[in-house]
Amino acid sequence: MLVSTPEDYGLNAESTLDHRADTDRPEGFETFWADFREDCLATGQHWVGSTDETRNQIWIPSLRSIRVCGDLWMPNERPTAAVITLHGYVAEDNFDAEPDPWFASGIASLRIRVRGYPPSTRDIDDLRTNWIRNGLDTPESWIVRGAVGDVVQAVRTLRMALGPDIPIMLRGDSFGGGLAVLASAQLQEMHVPIDHLIIGFPTFGDWRWRRDRYCNGSGGEVNAFLESMRSEADALLERLRLFDATLHAPDVTTPTLALLALRDDTVPAPTAAAIVNALGSSELRRFLVRYGHYDGGIADGRRHIKFARAVNACVTGGLEEVLPASDLAKHNQSVLQASC
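Residues numbered from 1 in each chain as written. Predicted model: local features only at pLDDT ≥ 70, side-chain atom pairs only at ≥ 80, totals over all residues. Heavy atoms only, no water.

### Brief notes about the environment of Ser-65
Inference 1: Within the element layout of this structure, Ser-65 appears in the loop between β1 (55-61) and β2 (67-73).
Inference 2: Through-space distance from the C-alpha of Ser-65 to that of Glu-189 is 23 Å; in sequence the pair is 124 residues apart. (Helix = DSSP H or I, 4+ residues; strand = E, 2+ residues; numbered from the N terminus.)

This is the structure we're talking about:
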């Protein structure tokens, strides 16, 4: 079966990367998220499970008395930093059996599965078939609210375990990248900020723009739901904008490394760019590839590998270690030229 090249939505590369979303926040935005933070603060910060081994399974308390599972890798000595890694919309049943590359440098790893993804199904069903549509009719019940809480709780419990002086980084692509931005904004408001944010093709951006354009993945499922609720679609869309990552991004001041594609229709490339463009971080590195959720051939595959190396450099040495500014500019310019 032939797979078509991702949509460019009639935009050239520069217009895609410059895309920005509406900045008006829906009615009740501040109150909704203040209530969310209160719910998090009323939830425990102590996980259940031993940390005596190199690899440990832990259970993190989260909103509505739902526990989520974490795969915790702890170095023999006190860790110098820690990375919390989030998964994509299509997640495997089991955690990877191999440690992350930075683990060899004495950095702890916590991989979590948000609610509804095994093994985080002790207190909730396996919801992977239609995960994004679960509770979508009201923002209070939408599963995304709970998943953002799962990420916030992972950071809070890890911070409690490691103490205030160990840097904590948050890493996520696509679905995980969108959750990372939403959670980072709330953590900033709760005065428990993360130290670095590393995201790729983040989703949950610019719901208004997405509504009238083709996309697949979780965004396509949301559009199908809106279509089925025609008489209520406009009101529902405004409620969805409570979770628009472009509206949360200005509150994220954390140093950030972001991977962006020039073309992608799983997470539409303009919407991912809109999130990154809205970030409040004064230390931001944009790393470009031609394609996101699409096999763009050997040359683009090498760019993705280069980004993976940049992630490890960022984790082990800080944002300034990713690439010298001049080298990153050359890399990005070469991607733009290849797209012409």
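### So, the layout of surface pockets
Inference 1: When its volume is computed, the largest pocket comes out at roughly 740 Å³.
Inference 2: Along the walls of the largest pocket sit 35 residues, with Thr-85, Leu-86, His-87, Gly-88 and Asp-173 positioned nearest its centre.
Inference 3: Those elements that provide at least two residues to the lining of the largest pocket are β4 (107-113), β5 (168-173), α6 (217-228) and α10 (298-317).
Inference 4: Looking at the lining of the largest pocket, its residues break down into 13 nonpolar, 13 polar and 9 charged.
Inference 5: Its volume calculated, the second largest pocket comes out at about 160 Å³.
Inference 6: Looking at the second largest pocket, the residues that line it are Asp-8, Leu-11, Asn-12, Ala-13, Glu-14, Thr-16, Leu-262, Arg-263, Arg-290, Tyr-291, Ser-339 and Cys-340.
Inference 7: Of all the secondary-structure elements, those providing two or more residues to the lining of the second largest pocket are α1 (13-17), β7 (256-263) and β8 (284-291).
Inference 8: It is α1 that contributes the most residues to the lining of the second largest pocket, 3 residues altogether.
Inference 9: In the lining of the second largest pocket, the residues fall into 5 nonpolar, 3 polar and 4 charged. (1 Å grid on protein atoms, 1.4 Å probe; cavity = no way out; pocket = protein on both sides within 12 Å on 5 of 7 lines; lining within 4 Å. Points joined across faces, edges and corners; volume = space filled by probe spheres on them. Nonpolar A, V, L, I, M, F, W, Y, C, P; charged D, E, K, R; others polar.)

### Quick look at the sheet that holds β5
Inference 1: Pairing is mixed across the open sheet formed by 8 strands, whose spatial order is β1-β2-β4-β3-β5-β6-β7-β8. With one partner strand each, in any of the chains shown, β1 and β8 form the two edges of the open sheet. Between one strand axis and the next, the sheet turns through 20° on average, direction left out of account.
Inference 2: Of the strand pairs in this sheet, strand β3 (residues 81-85) and β4 are connected by 5 bridges, and their pairing is parallel. Bridge assignment links Ala-82 to a residue of β4, and that residue is Ala-108.
Inference 3: Here helix α4 (residues 175-189) sits on the sheet in contact with β5 and β6 (196-200), set at roughly 140° to β5.
Inference 4: Against the sheet, helix α11 (residues 325-338) makes contact with β7 and β8, and its axis sits at roughly 30° relative to β8, the strand it touches most. (Pairing = 2+ DSSP bridges. Axes fitted to C-alpha atoms, helices over the stretch in contact; angles between N-to-C directions. Contact = heavy atoms within 4.5 Å.)

### Considering α11
Inference 1: Across its 14 residues, α11 extends 20 Å between first and last C-alpha, which sits within 8% of the 20 Å expected from 1.5 Å per residue.
Inference 2: For α11, the set of buried residues is Leu-328, His-331, Asn-332, Val-335 and Leu-336. Here the buried residues of α11 occupy an arc of 135° about the axis, which is enough to place them on one side. Across α11 from its buried face, at more than 90 degrees, point the exposed residues Lys-330 and Gln-337.
Inference 3: In this structure, the buried residues of α11 make contact with α1, β7, β8 and α10. (Expected span 1.5 Å × (residues − 1). Buried < 20%, exposed > 50% of the residue type's maximum accessible area, 1.4 Å probe, protein only. Arc of directions from axis to C-beta.)

### Section: the side chain of Asn-56
Inference 1: Structurally, the position occupied by Asn-56 is in strand β1.
Inference 2: Since its relative accessible area comes to 5%, Asn-56 is described here as buried.
Inference 3: Separated by 2.8 Å, the side chain of Asn-56 and the backbone oxygen of Glu-53 make a polar contact. (Polar contact = N/O pair within 3.5 Å; in protein donor to acceptor, adjacent residues only side chain to side chain.)

### Some points on the pairing of β1
Inference 1: Across 7 bridges, the pairing between β1 and β2 is antiparallel. Across the sheet, the residue bridging to Trp-59 is Cys-69, located in β2.
Inference 2: Taking the residues between adjacent antiparallel strands as the criterion, β1 and β2 are bridged by 5 residues, where Arg-64 takes a positive phi near 60°.

### What to know about the packing of helix α3 (residues 143-162) against α4
Inference 1: At a minimum axis distance of 9 Å, the contact between α3 and α4 shows a crossing angle of 60°. Our classification of the angle between α3 and α4 gives oblique. In the packing of α3 onto α4, the handedness of the crossing is right-handed. Here Val-144, Ala-147, Val-148, Val-151, Val-152, Val-155 and Arg-156 of α3 lie close against α4, whose contacting residues are Leu-179, Leu-182, Ala-183, Gln-186 and Leu-187. (Parallel < 35°, antiparallel > 145°, perpendicular 65-115°, else oblique. Left-handed = near helix turned anticlockwise from the far one by under 90°.)

Function cannot be inferred from these measures alone, as they are strictly geometric.
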